[in-house]
Amino acid sequence: MDKNKIWSEFLKIIKNNVSEVAYQTWFTPFYIHEIDEDSSIIYLSTKDTVVINFIPRYLSMCEETFEKILNKKYKVIAKLENEYENRESARKISVRKTFGDENIFNPRMNFSNFVVGNNNKLAFAASLAVAESPSEAYNPLFLYGGSGLGKTHLMQAIGIHATLNHPEINILYVSSEMFTNEFINALKENKMSKFKNKYRKVDILLIDDIQFLENKTETQEEFFHTFNSLYENNKQIVISSDRPAKKLKTLDDRLTSRFLWNMSADLQPADFETRMAILQKKAENAGLDYTDDVRDVCTFIASKITDNIRELEGTLNRVIGASNLLHEKIDLDLARRALQELVNSDENGLEPERIKNIVASYYGIRVADMDSKKRNANIAFPRQVAIYLCRQYTSLSLSKIGMIFGGRDHSTVVHSCDRIQKLEYKDNSFKEDLKILVEKINDN
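Residues numbered from 1 in each chain as written. Predicted model: local features only at pLDDT ≥ 70, side-chain atom pairs only at ≥ 80, totals over all residues. Heavy atoms only, no water.

A. Main features of the sheet that holds strand S3 (residues 75-80). With respect to topology, three strands assemble into an open sheet ordered S1-S2-S3, the strand pairing being mixed. Looking at strand neighbours, the two that pair on one side only are strand S1 (31-36) and S3, the edges of this open sheet. Direction aside, neighbouring strands of the sheet carry axes that sit 25 degrees apart on average. In this fold helix H1 (residues 3-15) packs onto S1 and strand S2 (41-46), with an angle of close to 120 degrees to the strand it touches most, S1. Contacts from helix H4 (residues 59-70) reach S1, S2 and S3 within the one sheet, and its direction differs from that of S3 by about 120 degrees. (Pairing = 2+ DSSP bridges. Helix = DSSP H or I, 4+ residues; strand = E, 2+ residues; numbered from the N terminus. Axes fitted to C-alpha atoms, helices over the stretch in contact; angles between N-to-C directions. Contact = heavy atoms within 4.5 Å.)

B. Unusual backbone geometry, seen in detail. In this chain, asparagine 139 is followed by proline 140 through a cis amide linkage whose omega measures 0 degrees. Relative to the helices and strands, proline 140 is located in the loop between helix H6 (121-132) and strand S6 (141-145). Although it is not a glycine, histidine 327 sits at a positive phi angle of roughly 55 degrees. For histidine 327, a relative accessible area of 73% puts it in the exposed group. (Buried < 20%, exposed > 50% of the residue type's maximum accessible area, 1.4 Å probe, protein only.)

C. A look at the pattern of salt bridges. As enumerated under the stated definition, the model contains 16 salt bridges in all. Two residues, glutamate 189 and lysine 191, come together in a salt bridge whose shortest N-O distance is 3.5 Å. Overall, glutamate 189 belongs to the partly exposed group, its relative accessible area being 47%. You can call lysine 191 partly exposed: its relative accessible area is 39%. The salt bridge involving aspartate 333 is made with arginine 337; its shortest N-O contact spans 3.0 Å. Placement of both aspartate 333 and arginine 337 in helix H15 (residues 332-338) is noted, with a separation of four residues, approximately one turn of the helix. (Salt bridge = Lys/Arg side-chain N within 4 Å of Asp/Glu carboxyl O.)

Honestly, that's just the spatial picture; any functional story needs more than this.
Given below as structure tokens:
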């Protein structure tokens, strides 16, 4: 099969279906890296980091076009050239299903690309243990945390690692929404035995966003029996949720109690140091040299995006994209122009990370300590001071401030502000400390 001829034919068809600008910008930088007939996958490659971030919107068009040319359905995966250099990391990871179709994990979502910090250390360790020894480490494993904190990354990493190290086992990765839709279709088409075989014959079931089963009584009942069948047969179950199991109020108690049978691990918003590490890794994966200018951009983004890792990475992608499109070097000036809404969102207040850094330095603790669950006085008091100053000198809401300090609730923020405010009035020594901190903040 001549890849060049196929690609040439592909480009002819695409050119007639999109604008000239879209054709030149998003399609011509690619070429076919490999056609995997066994897995029915076509791998596209490019050097351009910008088009990699935009091509997903055209993937369905690409798949339809290749089907016209080859009279066969192919899944299209697009990656940067350097991602193919290490054959092991670029290896196609397929998920065996009892229906016989194939699902593909995103090879970028592996354990080596997951940045570990105090906010996710337990969840990472438990996930790796499960991937290394399915059904022997933690079963079930229940991962929970807010949107964009890395739950899906860990779920996919488990699947990738387990497939590489246990190629003989069957793995199924689905969302609870997909489980629901397939259950409804099976009922309508009288194919329940086929549905049950699919879900109850796997060795590892990874089910994402279990909260979407709330208020779906029949689907919950079916998942309850699926869970029992897998567990009784010593099969690994991994579940993710946007909140702790006990807070899934409209989910059957029989299910939530089972979710807590073994390991439950949460993912919290990343502290400043972890956000910087994530951005540095992202920059290096994009082929950037980690210069002072790039570090300044990462610091700027990390101080603005505090509670969503997905948004954190997407924001850096926007700066990289602006750099390529405008042919300008990546620096703080470019970042401020490319991310104007972030600049405007806090133009009347100071950056909370700056306040945290100043207070932490003054009291001789680490910024990460403020985000931790430690309650000893030498950490709790500076944390309260920083919370109070963030309330006074930024426009952030109580809940937002709580999220910045390790996911604390708004009542904790209120208590901290009340305590520091009272202390300011009656303790002259502390009032002087506070005055020095405010001066440092204003100087910065």
